[in-house]
Structure formats: C-alpha cells, structure tokens
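Residue strings, one per chain:
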Amino acid sequence: MRVEAIDRTICLGIESTADNLGVGVASSDGIILANESSTHVPEEGGIHPREAARHHAAAIGNVLTGALKIAGIEATDINFIAFSQGPGLGPCLRTGATAARALAAFLGIPLVGVNHCVAHIEIGRLSTGAEDPLVLYVSGGNTIVSGFEAGRYRIFGETLDIAVGNCLDAFAREAGLAYPGGPAVEKLALEGETLVDPPYIVKGMDLSFSGLLTSTVQKLRSGHLRLEDLCFSLQEVAYAMLGEVTERALAHTEKEELLLTGGVAANKRLRSVIASIAEEHGASPRFVPQGYAADNGAMIAWTGVLAYESGVRTPIESSYIDSRWRLDEVEISWRS
Ligand code: AMP
Ligand code: MG
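Note that the structure is a prediction, hence the values are computed from the model and not measured.

A.B. asks: Explanation requested: the coordination of the magnesium ion (ligand 2) in the structure shown.
C.D. replies: Six octahedral donors around a metal ideally make angles of 90 or 180 degrees; four tetrahedral donors ideally make 109.5 degrees. Those protein atoms acting as donors to the magnesium ion (ligand 2) are His116 (NE2), His120 (NE2) and Asp295 (OD), and they sit at 1.9 to 2.4 Å. All donor residues of the magnesium ion (ligand 2) come from one chain, and their arrangement in sequence is H-x3-H-x174-D. Here His116 is found in helix α3 (residues 116-128), whereas its partner Asp295 is found in the loop between β12 (284-287) and α9 (297-309), with 179 residues between them in sequence. Here His116 matches Asp295 in class, with each residue buried.

A.B. asks: Hey, could you run me through the site of ligand 1 in this one?
C.D. replies: Close to ligand 1 lie 19 residues, the nearest being Gly140, Asp169, Gly182, Glu186 and Asp295. One of the backbone N or O atoms of Gly263 is found 3.0 Å from an oxygen atom in ligand 1. Considered on its own, ligand 1 offers 510 Å² of accessible surface; in the complex 88% of this is hidden by protein. The set of elements that each furnish at least two residues to the shell around ligand 1 consists of α4 (164-174) and α5 (181-189). At 4 residues, α5 tops the list of elements feeding residues into the shell around ligand 1. Partitioned by chemical class, the residues of the shell around ligand 1 number 8 nonpolar, 8 polar and 3 charged.

A.B. asks: What's the story with unusual backbone geometry in this structure? I'm lost.
C.D. replies: Negative phi is the rule for most residues except glycine; trans is the rule for most peptide bonds. A cis amide bond links Gly86 to the next residue, Pro87, at an omega of -5 degrees. Structurally, Pro87 is set in the loop between β4 (80-86) and α2 (90-107). Across the junction of Tyr179 and Pro180, the peptide omega takes the value -5 degrees, indicating a cis bond. Mapped onto the fold, Pro180 is located in the loop between α4 and α5. Look at Ala150: it is not a glycine, yet its phi comes out positive at around 50 degrees. Following the sequence through the fold, Ala150 ends up in the loop between β7 (143-149) and β8 (152-158). The backbone of Glu254 sits at a positive phi, close to 55 degrees, despite the residue not being glycine. Within the element layout of this structure, Glu254 appears in the loop between α7 (227-253) and β11 (257-261).

A.B. asks: Looking at this structure, how should I read the pattern of salt bridges?
C.D. replies: Counting across every chain of the model gives 12 salt bridges. Residues Arg8 and Asp29 are paired through a salt bridge, measuring 3.3 Å at the closest nitrogen-oxygen approach. Linking Arg8 in the segment before β1 (10-15) with Asp29 in the loop between β2 (20-27) and β3 (32-39), this pair joins segments that are 21 residues apart in sequence. Relative accessible area serves as the criterion here: at 47%, Asp29 is assigned to the partly exposed category. The network of salt bridges with shared partners includes Asp132, Lys255 and Arg335.

A.B. asks: What's the story with helix α8 (residues 268-280) in this structure? I'm lost.
C.D. replies: Between its first and last C-alpha atoms α8 spans 18 Å; for 13 residues at 1.5 Å apiece the expected length is 18 Å, and the two agree. On its buried face, α8 is in contact with β6 (134-138), α7, β11 and β12. N-cap assignment for α8: the residue whose side-chain oxygen lies 3.0 Å from the backbone N of Arg269 is Asn267. Once α8 ends, the next one or two residues include Gly282, with phi positive near 65 degrees.

A.B. asks: Would you mind going over the pairing of β4 with me for this structure?
C.D. replies: When a strand is regular, its side chains alternate between the sheet's two faces. Of all 7 residues in β4, 7 are buried; the element is thus mostly enclosed. One ladder, built from 4 bridges, connects β1 with β4; its direction is parallel. Within β4, the residue paired with Gly13 across the bridge is Ala82. Two strands pair when backbone bridges link them, and β4 and strand β5 (residues 111-115) are joined in this way by 5 bridges, in the parallel orientation. If you follow Phe83 over to β5, its bridge partner there is Gly113.

A.B. asks: Explain the packing of aromatic side chains to me, please; I cannot follow it from the model alone.
C.D. replies: The geometry of an aromatic ring pair is captured by two quantities: the separation of the ring centres and the angle between the planes. All chains considered together, the criterion is met by 2 aromatic pairs. Taken together, a centroid distance of 3.7 Å and an interplanar angle of 5 degrees make the contact between Phe80 and Tyr308 stacked. Pair noted here: Phe80 is in strand β4 and Tyr308 is in helix α9, with a separation of 228 residues, a long-range link. Note on Tyr308: relative accessible area 17%, which makes it buried. Summarising the aromatic geometry, the rings of Phe148 and Tyr153 are spaced 5.7 Å apart at their centres and angled 70 degrees between planes, so their arrangement reads as edge-to-face. Positioned above the aromatic ring of Tyr308, the side-chain terminus of Arg313 is 3.7 Å from the ring centre. Between Arg335 and the ring centre of Phe148, over which it is positioned, the NZ or CZ distance is 4.2 Å.

Basis of the calculations
Residues numbered from 1 in each chain as written. Chains lettered and ligands numbered in written order. Predicted model: local features only at pLDDT ≥ 70, side-chain atom pairs only at ≥ 80, totals over all residues. Heavy atoms only, no water. Donors = N, O, S within 2.8 Å, 3.2 Å for Na, K, Ca; no water. Helix = DSSP H or I, 4+ residues; strand = E, 2+ residues; numbered from the N terminus. Buried < 20%, exposed > 50% of the residue type's maximum accessible area, 1.4 Å probe, protein only. Near = heavy atom within 4 Å. Polar contact = N/O pair within 3.5 Å; in protein donor to acceptor, adjacent residues only side chain to side chain. Areas by Shrake-Rupley, 256 points an atom, 1.4 Å probe, with all protein chains shown as cover. Nonpolar A, V, L, I, M, F, W, Y, C, P; charged D, E, K, R; others polar. Salt bridge = Lys/Arg side-chain N within 4 Å of Asp/Glu carboxyl O. Expected span 1.5 Å × (residues − 1). Contact = heavy atoms within 4.5 Å. Pairing = 2+ DSSP bridges. Phe/Tyr/Trp six-rings, centres within 6.5 Å; stacked < 30°, edge-to-face > 60°. Lys NZ or Arg CZ within 6 Å of the ring centre and 35° of its normal.

In structure tokens form, the structure reads like this:
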C-alpha cells in the first residue's frame, strides 16, 4: 500500500554515530513507518571507527532500500532528510552525513542535522507518551541525567570518563563474553550473589565508571572470583550510582515522569532501580521499548520531524559533523 503524503510530511533519518547504521522513516503525525539497521561487529576488540565507517558505506544501499520498502514509500515521497550530526565517532558520522547530503541534493529536498542525544530523548517521549520527563539516558557512548528547562535539555549529571554501556562492553570483552557486553553481563549477573566490593564513584552530580571497570577487570584477572559475582557486582554498583544521581535530580526538578532511554535501558535490573525511584517520588516510570532503546534511524527521523516542523533547516554548507556536540547546546525549538 502506498502512503499518501498529502497533509503530512515524511522524514527519512540516518543514524551513524557508532557501530550501528540505521535508517528510519517517520511521519509528522508521529508514526514510525520503518526502522531498519545493520550493525558492524568487530572481529576483535571494541569499535574501530574507520572499519565501522566502511561497513556503513557498504550497508547504506541495502538498509535504505529496505526502509523505503517497509515504509511503503518511494524516495520521491520523502519531504526531507535528517541525519545524526553528532556527537559520535568522526568517520562514522561523516559516512552518514555524506549519504544524507547526497540524498537531499539528489531529491532536491531540505536537510536537518539532528543531535543524537536529543534523538534518544525524543524517541523515548514519543514511544512512551512521556511529556516532560526527567531522563536517564544510558548507552555505549553516553551517560546523562537530563531534563527540559528553559528551552533546552539541561544536563544535571553525566559521566566524567567512560559511559556505563562502554564499561559493561569492555568488561565483557575481557571476560570473553559475547558482543555487545550488556546483555551477556545481565544474564550472568542473575547467577551472582556476592558483592565483591567494587569502587562506587559519584562526584556531586557526576559519575565515573573507569575505576569500576579497572577494579573489576583486575579482580577477574586474579582468577579468585566467580564471573557471575563480578557481573552481579558490576551491575549493582553501576546502577546504584546511576540511581543516586537520578533520584537527586528527580527530587530537585519535581518532574512527574522518569524516562529511561538508550541501549542500556533494555536492562531489567536497571529498570527495577528506576521504577523504585519513580515510585518513591510519586513519578511515573517510562521505559523506551526495546526496538528504540539502542541507536536507531527512527529516532533521527522523528527528531528530524520535530525540528523541521519548528523551522529548523541545515544548509549543506553548515552540515559538517560535530563529534563533540553536547546535548545542552541544542535549542529545543519545538518545546516551550
Ligand atoms: P546504544 O549506544 O544506545 O546503541 O546502546 C548500546 C549499548 O547498550 C551497549 O553498550 C550495550 O552493551 C548496551 N546494552 C544493550 N542491551 C543491554 C542490556 N540488556 N543490559 C545492559 N546493557 C545493554
Ligand atoms: Mg546512542
């Protein structure tokens, strides 16, 4: 069935900040028409930016064609193109941006650069119905506690070093577990019961996970402790740290909803921590659904719709990527 783009606009969004190449299609009435992706799995070690970028360049044709097919549209039905402009890995971002520019120029339609962190929040709001939540955004590259205040998503707390997802992935790699590490650590943690005393580092409203990683890896290498207990301890401490900062921000802002978004939001233990904090403060807990938790094209397409409808355009000459573009630098022109 063809989708008629008569009184609604259709946005195609490209996500390419890290190891996932995603293409999503969203319409201005808040429907996600497609959300296709292809993930680069490194042969060894963590994400290699140039290898991942090569994967994205090779995969874009198929992922794009697949997304259009699932959405039931032709390329000429698209009204504008959105892309992840940052933050993320330079080579990966550049590959997505190049594809976005080429498509927009070929189709003669506008381009909208989207901040990847804003997109994780907006897909969380859309998919859960949260209106003005306090947000815990946890992923492979970011760990941020944020809320909307005076035109921007303000950052109340964030990691001072590595992201919590990165901490889980790096530990899992050391332990020879499957990639990405979050789900593997979660599964083994269910069999753990002894807390092996890892460092708990919260500084004011900010967090640090690198000490936790180093300490847990050292304990692993010592060979004296059960892997299950190490996974259990890693999760318990990391999620308690996240819970502490989130709870303080929730108490301070008095928001009535608490949204968990980003790849690590798939974790059941973290969800239960967030649910109990929300309950304690009379807030409603909201969890981004699994399909929109990790990096995806739909979140870029939907945030593109919000930005476009509020007048945002990104001319080709200012469409260069910004690998360090912070969440709180973005003016959220679609909210008041
Ligand atoms: P993103 O960067 O948003 O694409 O999210 C990817 C991150 O989510 C990776 O670090 C994964 O290990 C992590 N992740 C995915 N599923 C889970 C899970 N069930 N528990 C913890 N972390 C997870
Ligand atoms: Mg992400």
